[in-house]
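Below, each chain spelled out in residue letters.
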Amino acid sequence: VQVGQVVAFEIDRDGRGTSVRIFVNAPYDRFVKEQSRFWQASGIDARFDASGFQLNTESLVSILLGGIAFGTPEDAYAQPSAAAAATFRLFPNEAAAHRLADTTALPVLMVFHESVRGLATGAQLDFRGIAVGEVRSIDFAYDKTRQRSSIQVRAELYPDRLLSKRTSGDERRISGTELVARLLKRGLSAQLRQGNLLTGQLYVALDFTPARSDALPVNEPNVLVIPTAPNTFTELQTTLGNIARKLERLPLQELAEDTRRTLGQLERTLTGLDRIAGNAERVLLPEITTSLQSLRESLASAQATLDADAPTQTELRTTLREIARAADALRILADTIERQPEALLRGKREDR
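The paragraphs below set out a description of the structure included in this document. (Residues numbered from 1 in each chain as written. Predicted model: local features only at pLDDT ≥ 70, side-chain atom pairs only at ≥ 80, totals over all residues. Heavy atoms only, no water.)

## A look at the nonpolar core
Put simply, the rule is: Among buried residues, the Ala, Val, Leu, Ile, Met, Phe, Trp, Tyr and Cys ones that are joined through side-chain atoms within 4.5 Å form a nonpolar core. Note on classification: 1.4 Å probe, protein chains only; a residue is buried when its accessible area is under 20% of the maximum for its type, exposed when over 50%, partly exposed between these limits. Here, two residues are considered to be in contact whenever any of their heavy atoms come within 4.5 Å of each other.
Met110, Phe112, Leu119, Leu125, Leu157, Val204 and Leu206 are the most contacted members of the largest nonpolar core, which has 26 residues in total. Not counting residues up to four positions away in its chain, the partners in contact with Phe112 are Ser150, Ile151, Val153, Ala190, Gln191, Leu192, Val204 and Thr228.

## Details of the side chain of Thr228
This is how it is decided: Here a helix means four or more residues in a row that DSSP labels H or I, a strand means two or more in a row labelled E, and each is numbered from the N terminus. Each polar contact in these results corresponds to two N or O atoms within 3.5 Å; when the atoms are within protein, one needs to be able to donate a hydrogen and the other to accept it, and residues that are neighboring in sequence are counted only if both atoms are side-chain atoms.
Relative to the assigned elements, Thr228 resides in the loop between β14 (224-226) and α5 (232-249). Residue classification places Thr228 among the buried positions, given a relative accessible area of 2%. At 2.7 Å, the side chain of Thr228 and the backbone oxygen of Val111 are in polar contact.

## Here we look at the pairing of strand β13 (residues 201-208)
Put simply, the rule is: Note on pairing: DSSP must find at least two bridges between two strands before they are called paired.
Counting buried residues in β13 gives six out of eight residues, a clear majority hidden from the surface. Pairing of strand β9 (residues 124-127) with β13, which is carried by three bridges, proceeds in the parallel orientation. Counted as the bridge partner of Phe127 is Leu206 from β13.

## Structural notes on the packing of aromatic side chains
The condition is simple: Working definition: rings of Phe, Tyr and Trp (its six-membered ring) pair if their centres are within 6.5 Å, and the pair is stacked with planes under 30 degrees apart, edge-to-face with planes over 60 apart, and tilted otherwise. The rule is short: NZ of Lys or CZ of Arg within 6 Å of the ring centre and within 35 degrees of the ring normal puts a charge over the ring.
Under the defined criterion, the tally for this structure stands at three aromatic pairs. Aromatic side chains Phe38 and Phe88 sit 4.9 Å apart centroid to centroid with 50° between the ring planes, which places their arrangement in the tilted category. Linking Phe38 in strand β3 (residues 37-40) with Phe88 in the loop between β6 (68-71) and β7 (90-91), this pair joins segments that are 50 residues apart in sequence. Relative to Phe208, the ring of Phe127 lies with its centre 5.9 Å away and its plane at 90°, an arrangement referred to as edge-to-face. Here Phe208 lies in strand β13 and Phe127 lies in strand β9, a separation of 81 residues in the sequence. What makes Phe208 partly exposed here is its relative accessible area of 23%. The aromatic ring of Phe208 is capped on one face by Arg186, whose charged end is 4.7 Å from the ring centroid.

## With respect to the environment of Ile138
Counting through the fold element by element, Ile138 comes out in strand β10 (residues 130-143). Sequence spacing of Ile138 and Val111 is 27 residues, and the spatial spacing of their C-alpha atoms is 9.9 Å. Beyond its immediate chain neighbours, meaning those up to four positions away, Ile138 contacts Val116, Leu119, Ala120, Thr121, Ile151, Gln152 and Val153.

## Brief notes about the pairing of β10
Examined bridge by bridge, β9 and β10 share four bridges and lie antiparallel to one another. Of the residues in β10, the one forming a bridge with Phe127 is Ile130. Hairpin connection between β9 and β10: a loop of two residues separates the two successive antiparallel strands, and Arg128 in this loop has a positive phi of roughly 55°. The pairing of β10 with strand β11 (residues 148-157) spans 10 bridges and is antiparallel. Residue pairing in the sheet places Val135 in a bridge with Ala155 of β11. The turn joining β10 and β11, which pair antiparallel and follow one another in sequence, is formed by four residues; a positive phi near 55° is taken by Gln147.

Set out below in structure tokens:
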């Protein structure tokens, strides 16, 4: 809804900005509060960053002719209306206008020893998914003492975003530098991470990581240096590179030749074993067959011998009966001699 119009604009005397005068018609002027936010509503706002693709549009008139939009936070509607000729900041877009105002901006420096391709000014500096700052500049640095180059990333860190809303007043009175210093003692470090796989854009993530890289000395007393940790993707590339270099140093050609020789020897050994097996089959099998035939004949003979109707068995039983009769006769003779010892001289005495 059109509630007013731009009446004038001029460049500031220092040349660092532009002042735009607007007039809000009644009764819409009562919606302009001291905490109202104004932003540019000219054309189409399309962005494709690490957070994804964003497309914001205003009314058709604003798209064609350009304009300014404003809004008021929900908790500010009960406040009195702004005074006439009040000054407001004109934000570039609606997202920047509704962003929470940060009272403290702490300049920080992060030194990376890896490629920062995909990292741009304005990239997000977050702590476990919460935006706590923005990248302001990306510069190249060289240390003559160590003869080592690095990339210096300067950013603005907003310590107030690291404090909980339930933090007591005594804790909130500590300075942002002291708060970040405490976090650094606990192992806070910065790491480049992939924000968008499609565009390859990076962002800076703050977290408590044990692995750190040594930073170049910075002689800036008002700048806080945050140690950096290597990117996980960079570590993976480094590991793969080390593995590739180790593979290159391996004598693959000699190993291949040794393998071929070993396979040749194995093939000859298997051929010899096949030959031995063939010979064994030709020599041993007939002997084994003959032995089995002889064993069968022996078993048949034994079976015939041990059969009940066999002659041997009949003769053996007859012999055993005769031996039994002879034993009976000897027993009778022994009894007679025991009763009549003189029978050995006079003969057996007739029974009366």
